[in-house]
Amino acid sequence: MKFELLQLEEDRIRFLLSGVTPAFANGIRRACMSEVPVLAIDDISLYDNTSVLFDEQISLRLGEVPIKAESLDVFSLPEECACGGTGCPGCRVDFMLSSEGPGMVYSKDIQFADAGVKPAFDKIPLAVLGEGEKVVIEGYATKHVGKEHTKWQAGTLCGYKNELAIKVAESCDGCGKCVEVCPRNILALEGGRAKATNILECSQCKLCIGACEPGAITVTPIKDSFVLSIESCGSLPAKELVGKAAEEILKRAEDLDAKLSELA
Ligand code: SF4
Ligand code: SF4
Ligand SMILES: [Zn+2]
């Protein structure tokens with residue numbers, strides 16, 4: 001397997017994986033979305049809500065706020081916690097939200113009992129409060145995975161596509177029509193002929209193929225090479241998210257191996 005980093009930012013990563021199957025590339029993508037545990041608000045008690053929003057709307061908005069933890073590993077999944085899932089500081093973190101209008105209630109107003117836990121973004125709007133309106137809410141966040149509910153989905157926009165090979169026939173006369181129609185500036189004229197340059201940015205729209213004689217330009221997916229684009233919801237740095245996704249896949253493979261060994 002070959003790995004090549006194409007882009008790395010705090011909340012997104014793009015890389016090339018070669019020598020793998022489509023199932024493997026898709027496995028990484030799916031694990032980023034549904035198998036990496038993060039914190040999300042799980043349960044709330046509304047003591048007061050005189051805003052124009054229904055209790056359920058506020059509850060839904062709170063659940064979708066991405067949460068960051070200095071150390072996510074100190075929290076257990078409720079079903080794996082020593083408390084047996086009844087709830088304790090090892091598997092949940094309490095919060096309080098108390099705000100009075102006029103003004104906007106933002107995600108930064110959620111105050112967690114653990115100083116190492118906070119919303120991943122400060123300015124997510126939760127509710128507009130008019131003069132004298134207020135919300136008073138208590139609740140707790142737990143750690144789970146995206147396949148339980150999208151509010152625990154650590155990876156948001158996660159996708160992959162085949163790397164492409166673009167070939168131009170020897171008969172090219174350099175008329176430049178394919179260069180003109182390409183919306184991503186992939187093709188350029190060089191030495192009197194069309195040449196593909198930044199192939200990883202090709203969207204496979206095939207407009208270039210239609211601009212020339214049939215068969216003169218070919219855009220072919222390379223079967224075992226993929227460009228993966230992974231975006232984190234903000235709870236984890238994108239690099240860490242992919243690492244944890246790979247760990248989850250490895251855990252399952254080892255699990256299967258151990259079960260097969262028991263049969264021997
Ligand atoms: S349209 Fe065809 S002939 Fe013209 S530059 Fe492109 S490949 Fe060459
Ligand atoms: S397939 Fe589309 S994006 Fe790719 S080189 Fe051809 S025209 Fe450009
Ligand atoms: Zn517990």
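Before reading further, recall that the structure is shown in the block above.
Within every chain, residues take consecutive numbers counted from 1 along the sequence as written. Naming scheme: in the order in which they are written, chains are lettered from A and ligands are numbered from 1. Only residues with pLDDT of 70 or above have their local features reported here, since the model is predicted, and side-chain atom pairs are shown and tallied only from 80 upward, although totals for entire chains, interfaces and linings are computed over all residues. Only hydrogens and water are set aside when side-chain values are computed; all heavy atoms of the structure are taken into account.

**Student:** Break down helix α2 (residues 55-63) for me, citing the residues and quoting the values.
**Tutor:** We call a residue buried when its accessible area falls under 20% of the maximum for its residue type, exposed when it is over 50%, and partly exposed in between, using a 1.4 Å probe and counting protein chains only. Helix and strand definitions follow DSSP, with helices as H or I runs of at least four residues and strands as E runs of at least two, each counted in order from the N terminus. Within the sequence span of α2, burial applies to I58, L62 and G63. Each buried residue of α2 lies within a common arc of 135 degrees when the element is viewed along its axis, so the set occupies one face. In α2, the exposed positions that point more than 90 degrees away from the buried face belong to E56 and L60. Here a residue-residue contact requires only that any non-hydrogen atoms of the pair lie within 4.5 Å. Along its buried surface, α2 packs onto β3 (38-49), β5 (92-100), β9 (125-129) and β10 (134-144). What the arc describes is the spread of directions from the helix axis to the C-beta atoms.

**Student:** I'd like a rundown of the coordination of the zinc ion (ligand 3), residues and numbers included.
**Tutor:** Coordinating donors are taken to be N, O and S atoms lying within 2.8 Å of the metal, or within 3.2 Å when the metal is Na, K or Ca; because water is excluded from the atom set, some sites may appear incomplete. Bound to the zinc ion (ligand 3) are the protein donor atoms C81 (SG), C83 (SG), C88 (SG) and C91 (SG), situated 2.2 to 2.4 Å from the metal. Donor angles set the geometry label: tetrahedral for four donors if every angle is between 85 and 135 degrees, square planar for four and octahedral for six if opposite donors exceed 155 degrees and the others are between 65 and 115, irregular for anything else. With four donor atoms in place around the zinc ion (ligand 3) and angles of 95 to 121 degrees between them, the coordination shape is tetrahedral. The exposure class of C81 is buried, given its relative accessible area of 10%. Classification of C91 as buried rests on a relative accessible area of 1%.

**Student:** Help me get a handle on the pairing of β5, residues and values and all.
**Tutor:** Only one face of β5 is covered, namely the face carrying V93, F95, L97 and S99; the face carrying R92, D94, M96, S98 and E100 is uncovered. Where β5 lies against β10, nine bridges are found, and the strand directions are antiparallel. Across the sheet, residue S98 finds its bridge partner in β10, namely V136. Two strands qualify as a pair provided that DSSP identifies no fewer than 2 bridges between them. Of the pairings in the sheet, the one linking β5 to strand β7 (residues 111-112) comprises two bridges and is antiparallel in character. When the bridges of β7 are listed, M96 appears paired with Q111.

**Student:** With reference to specific residues and values, describe the environment of E9.
**Tutor:** Mapped onto the elements of the fold, E9 is located in the loop between β1 (2-8) and β2 (12-18). According to the relative accessible area criterion, E9 is partly exposed, its value standing at 39%. Note: C-alpha distance between E9 and D257 (248 residues apart in sequence) is 35 Å. In the analysis that follows, any N or O atom pair within 3.5 Å is treated as a polar contact, provided that within protein one partner can donate a hydrogen and the other can accept it, and provided that, for residues neighboring in sequence, both atoms belong to side chains. For E9, the side chain forms a polar contact with the side chain of Q7, separated by 2.7 Å.

**Student:** An account of a nonpolar patch on the surface is needed here, citing residue identities and associated values.
**Tutor:** Within the patch definition used here, like charges are joined within 9 Å and nonpolar side chains (Val, Leu, Ile, Met, Phe, Trp, Tyr) within 5 Å, considering only residues with over 30% relative accessible area and no salt bridge. All accessible-area figures derive from a Shrake-Rupley calculation using a 1.4 Å probe, and residue coverage is judged against the displayed protein chains alone. One side-chain nitrogen of Lys or Arg within 4 Å of one carboxyl oxygen of Asp or Glu is enough to make a salt bridge. Together, F3, L5 and L8 give the surface a local cluster of nonpolar side chains, amounting to about 290 Å² of exposed area. Within the secondary structure layout, F3 lies in strand β1. For F3, a relative accessible area of 48% translates into the label partly exposed.

**Student:** Quick one: what's the story with the nonpolar core, residue by residue and with numbers?
**Tutor:** Core analysis: the largest hydrophobic core is formed by 44 residues, its most contacted members being I41, L62, F95, I110 and F112. Residues within four places of F112 in sequence aside, it is in contact with I41, I67, V93, D94, F95, V117, K118, P119 and A141. If you look at the next biggest cluster of nonpolar residues, it comprises twelve residues, including L164, I166, C202 and V219. Nine residue types can take part in a nonpolar core, namely buried Ala, Val, Leu, Ile, Met, Phe, Trp, Tyr and Cys, and a core is a set of them joined through side-chain atoms within 4.5 Å.

**Student:** Which residues make up the site of ligand 2, and what are the values?
**Tutor:** Taken together, I166, C182, P183, I186, C202, S203, Q204, C205, K206, L207 and C208 make up the full set of residues near ligand 2. For the shell around ligand 2, a count of residues per class yields eight nonpolar, two polar and one charged. A cutoff of 4 Å decides nearness: a residue is near a molecule or strand if any of its heavy atoms lies inside that distance of it. Here the nonpolar group is Ala, Val, Leu, Ile, Met, Phe, Trp, Tyr, Cys and Pro; Asp, Glu, Lys and Arg are the charged ones; every other residue, Gly included, is treated as polar.

**Student:** Please set out the environment of T156 residue by residue, giving values where relevant.
**Tutor:** For T156, the location among the structural elements is in strand β11 (residues 155-168). Once you skip the residues sitting within four places of it in the chain, T156 turns out to touch M33, E231, S232 and C233.

**Student:** Report on the sheet that holds β10, specifying residues and quantitative values.
**Tutor:** Ordered in space as β3-β10-β5-β7, the four strands form an open sheet in which the pairing is antiparallel. Whereas interior strands pair on both sides, the edge strands pair on one side only; in this sheet they are β3 and β7. Contacts between α2 and the sheet are confined to β3, β5 and β10, with β3 contributing the most and set at about 155 degrees to the helix. To get an axis, fit a line to the C-alpha atoms, keeping to the stretch in contact for a helix; angles then go from 0 to 180 degrees between the N-to-C directions.

**Student:** Would you mind going over the packing of aromatic side chains in detail, with residue names and values included?
**Tutor:** The geometry of two aromatic rings is summed up by the distance between their centres and the angle between their planes. For Phe, Tyr and Trp, where Trp contributes only its six-membered ring, two rings pair if their centres lie within 6.5 Å, and the inter-plane angle classes them as stacked under 30 degrees, edge-to-face over 60, or tilted in between. Per the counting criterion, the structure on display carries three aromatic pairs. With a centroid separation of 5.9 Å and 55 degrees between ring planes, the pair formed by F95 and F112 is classed as tilted. A residue pair is termed long-range when its members are at least 10 positions apart, and F95 in strand β5 and F112 in strand β7 qualify at 17 residues. Here F95 falls in the buried class, since its relative accessible area comes to 4%. A residue is classified by how much of its surface remains accessible, and F112, at 11% relative accessible area, is buried. Looking at K123, its charged tip hangs above the ring of Y106, at a distance of 4.3 Å from the centre. Two conditions define a charge located above a ring, namely a distance within 6 Å from the ring centre to NZ of Lys or CZ of Arg, and an angle within 35 degrees of the ring normal. One Lys or Arg, K151, reaches over the ring of W152 and ends 4.9 Å from the middle of that ring.

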